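Letter by letter, the chains look like this.
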Amino acid sequence: MLEELKNQNKLIIGTKQALKAIKEGKAQTLFIAKDAEKHVTRNIEDAAKEVQLQIVYVESMKKLGKACGIEVSAATAVILK
């Protein structure tokens, strides 16, 4: 599942943009790094569960960032519909 991220052209990285996409009903899959701060990911995780969005937990922020094709760590990422 993680390998799919690099090839996505409909990808949003970061909690603010991801939360917005979920609230607007544009999100298909949410990725959350297991080592991300809970206060950072709690709201987005709750919003995703409310709309029964698929959530994929990734081992680390570094791995999620790399899977997204960026040089920095990422707490969350969303694949859009």
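See the structure printed just above.
Residues numbered from 1 in each chain as written. Predicted model: local features only at pLDDT ≥ 70, side-chain atom pairs only at ≥ 80, totals over all residues. Heavy atoms only, no water.

(A) Expanded view of the sheet that holds strand E2 (residues 27–33). On the basis of which strands lie adjacent, the open sheet formed by four strands has the order E1-E4-E2-E3 and mixed pairing. Each edge of the open sheet carries a strand with a single partner, namely strand E1 (11–13) and strand E3 (54–58). Geometrically, the sheet is characterised by an average inter-axis angle of 20° between neighbouring strands, direction not taken into account. Note that E2 and E3 share five bridges and pair parallel. The partner of Ile32 across the bridge, within E3, is Tyr57. Its contacts with the sheet place helix H2 (residues 38–50) against E2, E3 and strand E4 (76–80), and it is angled at close to 145° to E3. (Pairing = 2+ DSSP bridges. Helix = DSSP H or I, 4+ residues; strand = E, 2+ residues; numbered from the N terminus. Axes fitted to C-alpha atoms, helices over the stretch in contact; angles between N-to-C directions. Contact = heavy atoms within 4.5 Å.)

(B) Layout of the pattern of salt bridges. If you walk through the whole model with that rule in mind, you get two salt bridges. Its salt-bridge partner being Lys26, residue Glu24 comes within 3.1 Å of it at the nearest N-O pair. You can call Glu24 partly exposed: its relative accessible area is 41%. Given a relative accessible area of 45%, Lys26 falls into the partly exposed group. For Glu45, the salt bridge identified is with Lys49, shortest N-O distance 3.6 Å. Residue Glu45 and its partner Lys49 are located together in helix H2, separated by four residues, close to a single helical turn. Judged by its relative accessible area of 10%, Glu45 falls in the buried class. (Salt bridge = Lys/Arg side-chain N within 4 Å of Asp/Glu carboxyl O. Buried < 20%, exposed > 50% of the residue type's maximum accessible area, 1.4 Å probe, protein only.)

(C) How the structure looks around the environment of Ile13. Mapping Ile13 onto the fold places it in strand E1. Using a relative accessible area of 30% as the deciding quantity, one classes Ile13 as partly exposed. Expressed as a C-alpha distance, the spacing of Ile13 and Lys63, which sit 50 residues apart in the sequence, is 13 Å.

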